[in-house]
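Next come the chains, spelled out residue by residue.
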Amino acid sequence: MQWETVIGLEIHAQLATRSKIFSASSTQYGAEPNTQANAVDLGMPGVLPVLNREAVHMAIKFALATDAEIGKHNVFARKNYFYPDLPKGYQISQMSLPIVGTGTVTVELDDGEIKEVGLTRAHLEEDAGKSVHEEFHDATGVDLNRAGTPLLEIVSEPDMRSAKEAVAYARKIHSLVRYIEICDGNMQEGSFRCDANVSIRPVGQEELGTRSEIKNVNSFRFLERAINFEVERQIDILEGGGEVVQETRLYDADNDETRSMRSKEEANDYRYFPDPDLLPVQIEDELIESLRSGMPELPDVRRKRFIADFELSEYDAGVMTADRRTADYFETVLDKSGASAKLACSWISGELFSRLNKDGVELVDSPVDAARFSGLVARIHDNTISGKIGKDILDKMWAGDDDVDAIIDKEGLRQISDTSEIEKMIDDVIAANPDQLAEYRSGKDKLLAYFVGQVMKASRGKANPGQLNKLLQEKLKA
Amino acid sequence: MHKLTLAAMQRSLESGEFSSVELCQYLIERTKQHNETLNAFISITEEQALAKAKAADEKRSAGGTLGSLHGLPIAHKDIFCTAGVRTSCGSKMLESFVPPYNATVVEKLDSAGAISLGKTNMDEFAMGSSNENSFFGVVRNPWDTERVPGGSSGGSAAAVGGRLVPACTGTDTGGSIRQPAAFCGITGIKPTYGRVSRYGMIAFASSLDQGGPLAASAEDCAMLLNEMAGFDPRDSTSIDRDSEDYTATLNQPIKGMKIGLPKQYFEAGLDDSIAALLQQAIKELEHLGAEFVDIELRNQHLAVPAYYIVAPAECSSNLARFDGVRYGHRCEDPKDLEDLYKRSRAEGFGREVKRRILVGTYALSAGYYDAFYVKAQKIRSLISQDFSQAFADVDFILGPTTPSPAFKVGEKTSDPVAMYLNDIYTIPANLAGLPGISVPCGDVGGLPVGMQLVGNYFDEARLLNVAHQYQTVTDWHTRIPG
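Residues numbered from 1 in each chain as written. Chains lettered and ligands numbered in written order. Predicted model: local features only at pLDDT ≥ 70, side-chain atom pairs only at ≥ 80, totals over all residues. Heavy atoms only, no water.

1. With respect to the sheet that holds strand β4 (residues 90-94) of chain A
Strand pairing within a sheet occurs via backbone hydrogen bonds; the two strands may be parallel or antiparallel.
All names here are of chain A.
Here comes step 1: An order of β4-β3-β14 is seen for the three strands of this open sheet, with the pairing classed as antiparallel. Edge strands, defined here as strands with exactly one partner in the open sheet, are β4 and β14 (273-274).
Here comes step 2: Alignment of strand β3 (residues 76-80) against β14, held across two bridges, turns out to be antiparallel. Of the residues in β14, the one forming a bridge with alanine 77 is proline 274. (Pairing = 2+ DSSP bridges. Helix = DSSP H or I, 4+ residues; strand = E, 2+ residues; numbered from the N terminus.)

Structure below.
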């Protein structure tokens, strides 16, 4: 039988607020256990939650970015269950009236196909703490630093039909939340987590199959593998005459498999009800409009503009708009250097990115900022230096504080574009290589590269390569 | 000295008739002596109180501006968190819990110069109408120690009624200030929901809980409420409104004020002698110029059932944090996590608390939520609507605070519903979030009886004004048990 895969994702994006969603504690990652947990986070008797305004603003920005409905009257509800890292015995979340309603996300697949994925909703909630098992003998530690960290849970419709589509959608959300700067997207630190609801059904069948929910996936690669494993598992069950049970399964990256965590029967009755400690959130149109006016140009719009205005290829435009800082960097370089978009793009995606990758540095922390980098691209653009020398200069800029012109002057690296000077060097090289000249003239064209290399060497790499090529060919023919 | 009202004590402190140290010392000795019988206090903080009294006397003699309650003794219901002082909420669960922070109410009264002599007894987690549900034992009514003081602020009411302290803080979720005030012959006001911060006040039912004062007179209540009320950014349900001086309007004439008498408050179930006392009180108020009209509160009969869904539902969630993990009672040698939860909670909570957690958990469960919780919330809106319609025509609503005077210890402990019906007249104000005050209006066989006045939202000043005017022409509030 032919099976169709049906996937919906629940993404938890940790909002990049400085303080927690209902308390003033810091949300900074990596602090000593329980140093960022105050009386509210600890669920001490008598303490009360106060909603973080910034978290609400961020959720609204997400709605604006996905053209989703905004829940102008949204309500926090308590999700009740017992767990040691859940200090109050309930999680404050949203149930029937979330802050973000239905929306649409446009996803571009690898083959260029455009896919629309429906958003069911997105709601605000607090994160739980962490249970720590490793460091204790015969006991479990509880670290409540993460308790109360704001999350936006983004729920999609079951619109994806393959692991690849699911990953493309997840990447799109990942890029979007970073673009509008509501989440740092760090998957290792758990700032961006994906749960996948996976089911299969015979091709052509309308009715959805029984789904399982896969948790604990902390990279896009694992998401793809976990879904593929799960699809195979479900096919095996159904083709073996069995039935898929509705359950929560954990992905185990070490063994590349999913394992049952709890079945529907074992699931909690969360006894949701509106949290009486928090008033319903009323969102005024003025707030929405002021947030809208502060929204950055979204990646899709920007990518189209880069293609239309700068004549970048689809691919290059995609790379330059993958995140907002790259796009800003690119536009700064383009603006300040006066170079073509193609030149700026190739220097950013090539030389800049490879150095950042090598050093494991984010663009924001790049040793060469957009202004200094513009200087370099400008000098390549105006032929002051060649690309090859540009790379050496970039290494020096990377290591120090000098700008491009200072390095060019200090090291005498200005490109030689004076025809007579280049001609003189060519004459000297030809005179010194009579045998090679004869071979060339007898038809061994490949020797052109040899002559180019010799002249370049004589110029210590400074000869304008275009001019050199043209002049050399003329002289060799003569 | 103990017979003085808070206002009178203040005048004596100002005139130098006695010092704060003398006053506090005297009341602490008196409290220690009577607490053996009344059990009104869970903790007496003698050392801290006397140190603060000494500092208060020094500050007074040094001159300068003093807080409005400077050097005056009070006590806090043991539901308000007090930094460094055990806050038990009447429960074994918090028998050894010492909060690292003060409730906003405690902080405010502190900074006004009030001196807390200790923490008063209460029904466990404020669940009860008789103060028989305290882990720290039954509180006795100072008028008849065979009888209950009411609850849940029974310790506060008994302490003021017995004149151990002139004023106490309390909390009222379904009548827990007004009912014990009525039983103990004192005055107690439950402010509008949102008027007094709930921060640091251990939650029973968050949408109903409201802190307020219990004192001998309306004037003393006004003095305390002046400091307790006010917006608190740490409580999202606290209302951002200008503060008022409740003492400033106490002496305004009440001529022309219209008071509604709900038919439903005077029907079957009300003790005849209480009905008769209310008729007398109505006459007194008429002499003062108030006008009375009959009104209807049609959904009154639904208030108790609705309350006993909403309050337990919220409590089942609010009390989930007492799990033995971070603070509070933890069972010995738990064998696993489930055992830790089960035994810590089974051992830490008393019967009534467990009953309400179970009822509330049931009411919120899948399949029952709509039939119980949602329906109860709808009834709640109907009850609020009844009140708003009534307040379109009248300034206040008058009725009994309780259906009967204080009952005997043990009389209703085996019948929870009979116990719950004790709050039949007080619960509607909590469901609607309205302010209500109980004022002593007579006695039945030596037991005090309370009259309740309910006002419109934020009408505390006028409620206290009417109560004070009534107290200028009556002396029930000045009577002290023999």
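From this point on, the discussion continues.
2. Overview of the environment of valine 429 of chain A
Residues and elements named next belong to chain A.
Here comes step 1: Here valine 429 is to be found in helix α12 (residues 419-432).
Here comes step 2: Classification of valine 429 by relative accessible area gives buried; the value is 8%.
Here comes step 3: Those residues in contact with valine 429 that sit more than four places away from it in its chain are Phe451, Gln454 and Val455. (Buried < 20%, exposed > 50% of the residue type's maximum accessible area, 1.4 Å probe, protein only. Contact = heavy atoms within 4.5 Å.)

3. Details of the domain arrangement of chain A
All names here are of chain A.
Here comes step 1: The domain architecture assigned to chain A consists of domain 1 (3-287), domain 2 (304-411) and domain 3 (419-477).
Here comes step 2: Spacing between the C-alpha centres of domain 1 and domain 2 amounts to 37 Å.
Here comes step 3: On the side of domain 2, seven residues touch domain 1, which itself brings six residues to the contact.
Here comes step 4: The contact between domain 1 and domain 2 buries some 500 Å² in all, and 38% of this surface belongs to carbon and sulfur atoms.
Here comes step 5: Sorting the residues of domain 1 by area buried against domain 2 places Arg178, Tyr179 and Glu181 first, and these three jointly supply 84% of that buried surface.
Here comes step 6: Taken together, the links from domain 1 to domain 2 amount to three salt bridges.
Here comes step 7: Residue arginine 324 pairs with glutamate 181 through a salt bridge whose shortest N-O separation is 3.2 Å. (Domains from an automatic or database assignment. Buried area = accessible area lost by both parts, 1.4 Å probe. Salt bridge = Lys/Arg side-chain N within 4 Å of Asp/Glu carboxyl O.)

4. Details of the interface of chain A and chain B
Here comes step 1: Facing 29 residues of chain A, the contacting portion of chain B comprises 39 residues.
Here comes step 2: The contact between chain A and chain B buries some 2,700 Å² in all, and 59% of this surface belongs to carbon and sulfur atoms.
Here comes step 3: For aspartate 277 of chain A, the salt bridge is made with arginine 198 of chain B, and the minimal N-O distance between the two is 3.0 Å.
Here comes step 4: Looking at the side of chain A that touches chain B, its residues break down into 20 nonpolar, four polar and five charged. (Nonpolar A, V, L, I, M, F, W, Y, C, P; charged D, E, K, R; others polar.)

5. Let's talk about the nonpolar core
Generally speaking, nonpolar side chains in soluble globular proteins are found buried as a group.
Here comes step 1: Among the nonpolar cores identified, the biggest contains 140 residues, and Phe125, Leu285, Phe387, Leu398, Met451 and Leu464 of chain B are the most heavily contacted of them.
Here comes step 2: Apart from the residues lying within four places of it in its own chain, the contact partners of phenylalanine 125 of chain B are Cys89, Ser91, Met93, Leu94, Ile202, Phe204, Leu319, Phe322, Phe349 and Val353 of chain B.
Here comes step 3: Ile21, Ala68, Met187 and Ile283 of chain A belong to the second-largest nonpolar core, a separate cluster that totals 68 residues. (Core = buried A, V, L, I, M, F, W, Y, C linked by side-chain atoms within 4.5 Å.)

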